[in-house]
Amino acid sequence: MSRTEDGSPKRHAGFGDLVRAALPRRPRFMRGPRIADPLRAPVIRTERLLLRPHRLADAPTWYAWQSDPAVIEHLSWPLRTRAESYLHLMHRTHHTRLEQLNDFLALGVEYDGRLVGDVSLHLRSLEPETRRLEIGWLVGPEWQGRGFAREAAEGMLGLAFYRMHAATVVAIMTMGNEASHLLAVRLGFEEAGETDGDRVTVLTAERYRAMRGDRATGEPATGEAATGDETIPPAA
């Protein structure tokens, strides 16, 4: 599990918190510059998975993961009550675009109609020449060992490099998270130091394209990554 921080509340949630979570946050016109070609509510089809915005119907599965110490061991999340988990998921359903600095996109990973994980991108810088995104991934314990994390991460990397034109993508994980470190290496990430005791890995656009051969033209193969705010059908 690689992690990004979405800024959701970590304290115990009450009814007032649930109400406030449903209200709009600071208006976008107050949040600074926008990129020219924003990404909004993407849906990505890979060979086996559907990456789509979260839904409140995901709440039972979301709570099962967030109340499991083994799941959150390497994440920045605390153990959450059912109400806190619902509030967190409610916030996540709002994270559907990448347009302004520090925008956070979170997508549910669905397999055969069931939520099996979560993937995310955090827009850390806007300038085209140095645009940087941070990626995070999570697969539920009952679904691990099937290659879902790698497949979902590949879909998000396609989104980052081909659709968002990222110069670099960063993945940050705890030092003890060997599973995520191994996945990052397989995806092409390279060591880039530490931050607050966590391991920082980086994948450049040049390395991403060089490792993926025929996708270096800028158009991802059908069924592997999204090129826009639309569903890409799986490969035949």
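Just so we're clear, the structure is a prediction, and the values are computed from it rather than from any experiment. (Residues numbered from 1 in each chain as written. Predicted model: local features only at pLDDT ≥ 70, side-chain atom pairs only at ≥ 80, totals over all residues. Heavy atoms only, no water.)

A. Layout of the overall build of the protein chain. Per the secondary structure count, the protein chain includes 7 helices and 10 strands. Taken over 236 residues, the protein chain has a buried fraction of 52%. Sequence-distant contacts in the protein chain: of pairs separated by 6 or more residues, those separated by 24 or more amount to 65%. Just so you have it, the protein chain exposes about 10900 Å², and 53% of that area is on carbon and sulfur atoms. (Helix = DSSP H or I, 4+ residues; strand = E, 2+ residues; numbered from the N terminus. Buried < 20%, exposed > 50% of the residue type's maximum accessible area, 1.4 Å probe, protein only. Contact = heavy atoms within 4.5 Å. Areas by Shrake-Rupley, 256 points an atom, 1.4 Å probe, with all protein chains shown as cover.)

B. Examining the packing of helix H5 (residues 148-163) against helix H6 (residues 178-187) more closely. Between H5 and H6, the least distance of the axes is 11 Å, while the angle of their chain directions is 50 degrees. On the basis of the axis angle, H5 is oblique to H6. Note on packing geometry: the crossing formed by H5 with H6 is right-handed. Where H5 abuts H6, its residues Ala149, Arg150, Ala153, Glu154 and Leu157 lie against Leu183, Arg186 and Leu187. For the contact of H5 with H6, the per-class residue count stands at 5 nonpolar, no polar and 3 charged. (Axes fitted to C-alpha atoms, helices over the stretch in contact; angles between N-to-C directions. Parallel < 35°, antiparallel > 145°, perpendicular 65-115°, else oblique. Left-handed = near helix turned anticlockwise from the far one by under 90°. Nonpolar A, V, L, I, M, F, W, Y, C, P; charged D, E, K, R; others polar.)

C. The arrangement of the side chain of Arg163 in detail. Take Arg163: it is sitting in helix H5. Overall, Arg163 belongs to the buried group, its relative accessible area being 8%. Among the polar contacts made by the side chain of Arg163, one reaches the main-chain carbonyl oxygen of Asp37 at a distance of 3.1 Å. (Polar contact = N/O pair within 3.5 Å; in protein donor to acceptor, adjacent residues only side chain to side chain.)

D. Geometry of the packing of helix H2 (residues 59-66) against helix H4 (residues 82-94). Packing of H2 against H4 brings their axes to within 9 Å, and their N-to-C directions diverge by 115 degrees. Crossing of H2 against H4: the hand is right-handed. Across the interface between the two elements, Ala59, Trp62, Tyr63 and Gln66 of H2 pack against Arg82, Ser85, Tyr86, His88, Leu89 and Arg92 of H4.

E. Up close: the environment of Val185. Here Val185 shows up in helix H6. Along the chain, Val185 and Thr201 lie 16 residues apart, while their C-alpha atoms are 8.5 Å from each other.

F. Structural view of the side chain of His74. Of note, His74 is situated in the loop between helix H3 (69-72) and H4. The class of His74 is buried, set by a relative accessible area of 17%. Among the polar contacts listed, one links the side chain of His74 to the side chain of Thr174, at a separation of 2.7 Å.

G. Structural context of the nonpolar core. By size, the foremost hydrophobic cluster in this structure holds 41 residues, and its most contacted members are Leu51, Ile135, Trp137, Met156, Leu157 and Phe189. Sorting the residues of this core by element identifies strand S1 (34-40), strand S5 (104-111), strand S6 (114-125), strand S7 (132-139), H5, strand S8 (168-174), H6 and helix H7 (205-211) as the ones contributing at least two each. With 10 residues, H5 is the largest single contributor of residues to this core. Judged by nonpolar contacts, the second largest core, of 10 residues, contains Ile72, Leu75, Trp77 and Leu138. (Core = buried A, V, L, I, M, F, W, Y, C linked by side-chain atoms within 4.5 Å.)

H. Molecular detail of the packing of aromatic side chains. For the structure shown, the criterion picks out 7 aromatic pairs. Among the aromatic residues, those joined into a cluster by ring pairs are Trp62, Trp65 and Trp77. (Phe/Tyr/Trp six-rings, centres within 6.5 Å; stacked < 30°, edge-to-face > 60°.)

I. Expanded view of the confidence of the model for the protein chain. Averaged over every residue, the pLDDT of the protein chain is 85; the share at 70 or more is 79%. Confidence over residues 216-236 falls short of pLDDT 50; this stretch has 57 contacts with residues more than four positions distant or in other chains. (pLDDT = per-residue confidence, 0-100.)

J. Inspection of H6 at higher detail. Turning to H6, its buried residues are Ser180, His181, Leu183, Ala184 and Leu187. In an axial view of H6, the angular spread of the buried residues amounts to 165 degrees, which keeps them on one side of the axis. Turning to H6, the residues buried within the fold contact S7, H5, S8, strand S9 (190-195), strand S10 (198-204) and H7. Looking at the residues trailing H6, positive phi occurs at Gly188, about 110 degrees. (Arc of directions from axis to C-beta.)

K. Fine view of the sheet that holds strand S2 (residues 44-45). Spatially, the 8 strands line up as an open sheet ordered S2-S3-S5-S6-S7-S8-S10-S9, and their pairing is mixed. Among the strands making up the open sheet, the edge pair consists of S2 and S9. Sheet topology places S8 next to S10; 7 bridges connect them, and they run antiparallel. Each bridged residue has a counterpart across the sheet, and for Thr174 the counterpart in S10 is Asp198. Against the sheet, H2 engages S6 and S7, with an angle of about 75 degrees to S6. (Pairing = 2+ DSSP bridges.)

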